[in-house]
Amino acid sequence: MEIVLLGTGTPAPSLKRASSSYLVDLGGSVILFDCGPGAYHRMMEAGYRATDITHLAFSHLHYDHCLDYARLVMTRWDQGAGQIPELAVYGPAHTARMTRLLFAADGVFGPDIAARTTLEPSVQVYESRGGTRPRKGPEPVLREIASGDVVEGDGWTLSAVSVPHAQPVLECLGFRLDAPRGAFAYSGDAGPSSAFARLAAGSDVLVHMTYQISGTAPGPEWTRGAAGHMESARIAAEAGARTLVVSHVSNQMDVPGVRERLIAEMAEVFAGNIVWGEDLMRVPLADPEAERHTG
């Protein structure tokens, strides 16, 4: 079970941090949690291909969590050449609508798909990759989910709970993934939530939105939907998680010296491991160990 942080940033464009995306490799299943702008490129940098991804779970449909969805589906379909199962997609309300508007015959990519499935040169490329005629378009296997829903996978279980962020306009979910080797929890974007803390109880790795320095938000409504560093620490402590990964990091926090101070303050509340998330970081389930000095 490998956890790779593909995108640890915010909607703000950044060469250092792609927008939200997290990959969990379970061996037989490779699951993406969100697929924001820049996530696809980070996926390739991490050594994964679109055809390696088997499942995708959306926490919510802010664009910084879903903009690379089209690239993932189109590339996976094109390179898979009909030789791999369709991508399984889980997400809140409107995920089906987004998928239809992108990939249906009258959708954004409908003309592209029509060209690739009917024009002889494109079909020949498809056959050269192992495909057989007739060529079909991409058809992600989609299930919209809500708070309390559970997805049973091949040796793993995905559970969802509503978390406070952009309601009532967007439904926003937090997730817990249970597999034989451990448990992974992901807040999506969220403010303080006891419901999510209960879902994440005893998790090995908890990735939580940590958008601002606590106390600096414009007002209480903002804080209710976007955790600061101390809120994240308290949620991890309430959950009894082993490791807290700080992610969705804003420029305000991402300053040498500032981040070390914030980690120290969080450690006064949360006794587990605290990881300042960075793109392409691989997070172990076990407690980190220092390498033996050999010099």
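In what follows, the structure referred to is the one given above.
Predicted, not measured: the structure shown is a model, and the values here were computed from it.

Undergrad: What's the story with the overall build of the protein chain in this structure? I'm lost.
TA: Looking only at helices and strands, one finds 9 helices and 14 strands in the protein chain. The dimensions of the protein chain, computed from C-alpha atoms along their principal axes, are 65 × 55 × 35 Å. With 295 residues in all, the protein chain has 51% of them scored as buried. Partitioning the intrachain contacts of the protein chain with sequence separation of at least 6 by distance along the chain shows that 63% fall at a separation of at least 24. Just so you have it, the protein chain exposes about 13200 Å², and 54% of that area is on carbon and sulfur atoms.

Undergrad: In this structure, what is going on with the sheet that holds strand β1 (residues 2-7)? I would like to understand it.
TA: Read from one edge of the open sheet, 7 strands run β6-β5-β4-β3-β2-β1-β14, paired in mixed fashion. The open sheet has two free edges, formed respectively by β6 (141-144) and β14 (282-283), since each of these has just one partner strand. Sheet topology note: the strand β5 (residues 88-91)/β6 ladder contains 4 bridges and is parallel. In the sheet register, Y90 faces β6, and the bridge partner there is R143. The sheet contacts of helix α3 (residues 95-103) involve β5 and β6, and relative to β6 the element is tilted by about 150°.

Undergrad: I keep staring at the sheet that holds strand β11 (residues 205-209) and nothing clicks. Help me out?
TA: Hydrogen bonding along the main chain pairs the strands of a sheet, whether they run parallel or antiparallel. Ordered by their spatial adjacency, 7 strands build an open sheet running β7-β8-β9-β10-β11-β12-β13, and the pairing between neighbours is mixed. The sheet terminates laterally at β7 (150-152) and β13 (273-276), the two strands that pair on one side only. Pairs of neighbouring strands in the sheet enclose a mean axial angle of 15°, with direction left out of account. Both strand β8 (residues 157-162) and strand β9 (residues 173-179) contribute to a ladder of 6 bridges, which runs antiparallel. The residue bridging S162 from the neighbouring strand is L173, located in β9.

Undergrad: Whenever I open this one, the packing of helix α4 (residues 110-118) against helix α5 (residues 120-128) confuses me. Can you help?
TA: Look at α4 against α5: their axes get within 5 Å of each other, and the N-to-C directions meet at 70°. Between α4 and α5, the interaxial angle falls into the category roughly perpendicular. Every residue of α5 that contacts α4 at A115, R116, T117 and T118 is listed here: E120, S122 and V123. A class-by-class count of the residues in the contact of α4 with α5 yields 2 nonpolar, 3 polar and 2 charged.

Undergrad: What's the story with the nonpolar core in this structure? I'm lost.
TA: When a protein is soluble and globular, its nonpolar side chains tend to lie buried together. Formed by 56 residues in total, the largest nonpolar core has its most connected members in F58, Y69, L72 and F196. Here this core takes 6 residues from helix α2 (residues 69-80), the largest share from any one element. Setting aside its immediate chain neighbours within four residues, Y69 contacts C35, L56, F58, L87, V89, M98, T99, L102, F103, P140 and L142. Ranked by size, the runner-up nonpolar core spans 26 residues in total, among them L177, V245, V283 and L285.

Undergrad: Is there a simple way to explain the pairing of β13 in this structure?
TA: Looking along a regular strand, one sees the side chains alternate between the two faces of the sheet. Examined bridge by bridge, strand β12 (residues 243-247) and β13 share 4 bridges and lie parallel to one another. For T243, the partnering residue across the bridge sits in β13 and is N273. Following the chain from β12 across helix α9 (residues 258-267) to the adjacent parallel β13, one finds a crossover that is right-handed.

Undergrad: I keep staring at the environment of Q83 and nothing clicks. Help me out?
TA: The residue Q83 is located in the loop between α2 and β5 in this model. Remark: the alpha-carbon pair of Q83 and S250, spanning 167 residues in sequence, is separated by 41 Å. Excluding its chain neighbours within four sequence positions, the residues that come into contact with Q83 are G130 and G131. Reaching out from Q83, the side chain makes a polar contact with the backbone oxygen of G130 at a distance of 2.9 Å.

Undergrad: Help me understand the packing of aromatic side chains, please; the structure alone is not making it clear to me.
TA: The description of an aromatic ring pair uses the distance of the two centres, along with the angle that the planes make with each other. Inspection of every chain in the model, using the stated rule, returns 8 aromatic pairs. Judged by centre distance (6.0 Å) and plane angle (35°), the ring pair of Y211 and W222 falls under tilted. Of this pair, Y211 sits in the loop between β11 and α7 (220-225) while W222 sits in helix α7, and the two are 11 residues apart along the sequence. When the ring centre of W77 is taken as origin, the NZ or CZ atom of R135, which lies over that ring, is 4.2 Å away.

Undergrad: Got a minute to help me understand unusual backbone geometry in this structure?
TA: Glycine aside, residues mostly have negative phi angles, and peptide bonds mostly take the trans form. Cis geometry marks the peptide bond from R133 to P134; its omega dihedral reads -5°. For P134, the location among the structural elements is in the loop between α5 and β6. The residue after Q167, namely P168, is reached through a cis peptide bond having omega 5°. Along the chain, P168 turns up in the loop between β8 and β9.

Undergrad: Would you take a moment to explain the environment of S29 for this structure?
TA: Residue position: S29 is located in the loop between β2 (21-25) and β3 (30-33). You can call S29 buried: its relative accessible area is 6%. Sequence separation of S29 and Y40 is 11 residues, and the distance between their C-alpha atoms is 18 Å. Sequence-distant contacts of S29, defined by excluding residues within four places in its chain, comprise V24, T54, H55 and W156.

Each value, and the rule that gives it
Residues numbered from 1 in each chain as written. Predicted model: local features only at pLDDT ≥ 70, side-chain atom pairs only at ≥ 80, totals over all residues. Heavy atoms only, no water. Helix = DSSP H or I, 4+ residues; strand = E, 2+ residues; numbered from the N terminus. Buried < 20%, exposed > 50% of the residue type's maximum accessible area, 1.4 Å probe, protein only. Contact = heavy atoms within 4.5 Å. Areas by Shrake-Rupley, 256 points an atom, 1.4 Å probe, with all protein chains shown as cover. Pairing = 2+ DSSP bridges. Axes fitted to C-alpha atoms, helices over the stretch in contact; angles between N-to-C directions. Parallel < 35°, antiparallel > 145°, perpendicular 65-115°, else oblique. Nonpolar A, V, L, I, M, F, W, Y, C, P; charged D, E, K, R; others polar. Core = buried A, V, L, I, M, F, W, Y, C linked by side-chain atoms within 4.5 Å. Right-handed = clockwise from strand over helix to strand, strands pointing away. Polar contact = N/O pair within 3.5 Å; in protein donor to acceptor, adjacent residues only side chain to side chain. Phe/Tyr/Trp six-rings, centres within 6.5 Å; stacked < 30°, edge-to-face > 60°. Lys NZ or Arg CZ within 6 Å of the ring centre and 35° of its normal.

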